[in-house]
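Residue-level listing of the chains:
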Amino acid sequence: MKRFAVIGDPIAQSLSPFLHQEVYHQLGLDASFEKIHVKTNELHTFMNSNELDGFNVTIPHKQSVIPLLDKLNESAKIIGAVNCVKNGKGFNTDWIGFLKALEINGLDLKGKDCVILGAGGAARAIAFGLIQAHVNSISINNRTQNTAKQLLDWIHSFFPNNDPSEIPDVIINCTPLGMWPETESTPMTLNEIKPNLILVDTIYNPIETQWLKLGKEKGAKTIGGLDMFIAQGLASAEIWFGGNITDKVDISALRAVLKQRLI
Ligand SMILES: NC(=O)c1ccc[n+]([C@@H]2O[C@H](COP(=O)([O-])OP(=O)(O)OC[C@H]3O[C@@H](n4cnc5c(N)ncnc54)[C@H](OP(=O)(O)O)[C@@H]3O)[C@@H](O)[C@H]2O)c1
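This one's a predicted model, so the numbers in the text were calculated from it and none came from an experiment. Along each chain, the written sequence defines residue order, and numbers are assigned to residues from 1. Per-residue local features are limited, in this predicted model, to residues with pLDDT of at least 70; the limit for side-chain atom pairs, both in listing and counting, is 80 or more; totals at the level of whole chains, interfaces and linings are taken over all residues.

A. Layout of the domain arrangement of the chain. Its domain assignment divides the chain into domain 1 (2-92 + 228-262) and domain 2 (97-224). Taking the mean C-alpha position of each, domain 1 and domain 2 sit 24 Å from one another. Looking at the side of domain 1 that touches domain 2, the elements that each hand over two or more residues are helix 3 (74-79), helix 8 (226-241) and helix 9 (251-262). Helix and strand definitions here come from DSSP, where helices need a minimum of 4 consecutive H or I residues and strands a minimum of 2 consecutive E residues; each element is numbered from the N-terminal end. Broken down by element, the side of domain 1 that touches domain 2 gets its largest block of residues, 5 residues, from helix 8. Its residues assigned to classes, the side of domain 1 that touches domain 2 shows 9 nonpolar, 4 polar and 2 charged. For every domain, the bounds stem from an assignment made automatically or drawn from a database. The classification used treats Ala, Val, Leu, Ile, Met, Phe, Trp, Tyr, Cys and Pro as nonpolar, Asp, Glu, Lys and Arg as charged, and all other residues, Gly among them, as polar.

B. Region of interest: the site of the ligand. Near residues are defined by distance alone, with the backbone-placed C-beta atom required to lie within 6 Å of the molecule or strand. Around the ligand there are 24 residues in total, and Gly120, Ala122, Arg143, Thr144 and Thr175 lie nearest to it. Looking at the shell around the ligand residue by residue, the classes come out as 11 nonpolar, 11 polar and 2 charged.

C. Quick peek at the pairing of strand 10 (residues 198-201). Both faces of strand 10 are covered, namely the face carrying Ile198 and Val200 and the face carrying Leu199 and Asp201. Pairing geometry for strand 9 (residues 170-173) and strand 10, over 4 bridges, is parallel. Counted as the bridge partner of Ile172 is Val200 from strand 10. We treat two strands as partners when DSSP finds at least two bridges between them. Across 3 bridges, the pairing between strand 10 and strand 11 (residues 221-223) is parallel. In the strand pairing of strand 11, Val200 is matched with Ile223. Seen with its strands pointing away from the viewer, a crossover is right-handed if its path from the first strand over the helix to the second goes clockwise. This β-α-β element, strand 10 to helix 7 (residues 210-217) to strand 11, shows right-handed connectivity. Here a residue counts as buried when 20 or more other C-beta atoms fall within 10 Å of its C-beta, as exposed when 12 or fewer do, and as partly exposed in between; the C-beta atoms come from the backbone.

D. A look at the packing of helix 4 (residues 94-104) against helix 8. Where helix 4 meets helix 8, the axes come as close as 7 Å, and the angle between the chain directions of the two elements is 125°. When the interaxial angle is binned, helix 4 and helix 8 end up oblique. Our pair here, helix 4 against helix 8, has a crossing hand that is right-handed. For the pair formed by helix 4 and helix 8, the contact residues are Asp94, Ile96, Gly97, Phe98, Lys100, Ala101 and Ile104 on the first element and Asp227, Met228, Phe229, Ala231, Gln232 and Ala235 on the second. Tallied by class, the residues present in the contact of helix 4 with helix 8 amount to 8 nonpolar, 2 polar and 3 charged. Only the stretch in contact is used when fitting a helix axis, every axis being a line fitted to C-alpha atoms; angles between N-to-C directions are given from 0 to 180 degrees. Orientation labels follow simple angle bins: below 35 degrees gives roughly parallel, above 145 gives roughly antiparallel, 65 to 115 gives roughly perpendicular, and whatever is left gives oblique. Two helices cross in a left-handed way if the nearer one is turned anticlockwise from the farther one by less than a right angle. They cross in a right-handed way if the turn is clockwise. Think of it this way: build a C-beta for each residue from its backbone, and any pair within 7 Å is a contact.

E. How the structure looks around the sheet that holds strand 10. Strand order in the open sheet formed by 5 strands is 8-7-9-10-11, with parallel pairing between adjacent strands. At either end of the open sheet lies a strand with only one pairing partner, and these are strand 8 (137-141) and strand 11. If you compare each strand with its neighbour and ignore which way they point, the axes differ by 20° on average.

F. Structural view of the nonpolar core. Membership of the largest hydrophobic core comes to 67 residues, with the highest contact counts inside it found for Ile116, Ile126, Ala127 and Ile172. For this core, the element with the highest residue contribution is helix 8, accounting for 9 residues. Each of domain 1 (2-92 + 228-262) and domain 2 (97-224) contributes no fewer than three residues to this core. Dropping the residues within four chain positions of it, Ile126 is found in contact with Trp95, Phe98, Ile116, Ile172 and Cys174. Buried Ala, Val, Leu, Ile, Met, Phe, Trp, Tyr and Cys residues form a nonpolar core when they are connected through C-beta atoms within 7 Å.

Put into C-alpha cells, the structure is as follows:
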C-alpha cells in the first residue's frame, strides 16, 4: 500500500484526507492518506525521516521546505513555494488547481483584465497561473502596499502586463477575509461589486463566502474555492501516481464528500 499525507501547523482542519481517500475509493487505488502535524522546528527531522510515497505541504511550510528538497520543478522554482513533494522533488499545484477550477466552471481567462486581492503565497501562485492563461493584465490590491509592489515587480519581471482597463473582468480573493469563523468579513464593499464582474474566491470554508453571496445578488458570476482545492489535490495525485486522474474521477461526488465535512 502506498502512503501519502499532508503536513502543516495547524493541520487538524485539513480536508485533504477526505479528498484523497475518496479519489482512492473511486479509482480502486491501494493507498492511504493521513494528516501529520509538523511544527516549524520539526520540519528538518520530518524531511529526513519520513517514508511516505508523497505528501502535500501547507501553511507554514510552503517556502521553508524548499532548502530541504533535492530539486524543484520549473513552476515551483519560479513561484518560490511548494505544496507537493515526491521523492525529494518539490512541485506547486496551487496554480494548476486554480486554472483547472476556472476551466471546470467554463471561464476562459485569455485577454482578461484581472485584479488579485492579497499578495501572499496564494496570490503569487495564482498570478503565475494567470500569466500561463494569457490574461491581458494583472493588478494587485493588498493591505500592505510594499508587499503588493514586490509581487507586482515579480510579475513584471517575466510578464509585460498590458494597460489594465478601468473596470476589471475578473477579481480573485487571495486574502482570508470571509473565511470561517469570520464569515461576515468581505474583501470588497457592496458598492464596489459590479454586475458583469467574475468573482473568484480561494476560500472554501464556507463554501460560498459573504463576498460571493453579495456578488451573486448583484448579478456577478461567482466561483468558490472548493473546486480549486479539489483540482490542486488531483494535480498532486497525478504527480504521485502518474497519468491523468482529474478526468477519471467524479468531481461532483468529491464536492459532495467535502461539502459534508464543511457543514
Ligand atoms: N482553495 C485552495 O486550494 C487554496 C489554496 C491556497 C490558499 N487558499 C486560500 O488563500 C488565502 C490566502 O492564503 P495565502 O497562503 O496566500 O496566505 P498568506 O501568504 O498569509 O497571505 C495572506 C494575504 O491576505 C492579506 N490579509 C490577511 N489578513 C487580512 C486582513 N484582515 N485584511 C486585509 N488583508 C488581509 C495579507 O495582506 P498583508 O500583506 O497586508 O499581510 C496577504 O496579502 C487563504 O484564505 C487560503 O485559505 C486556498
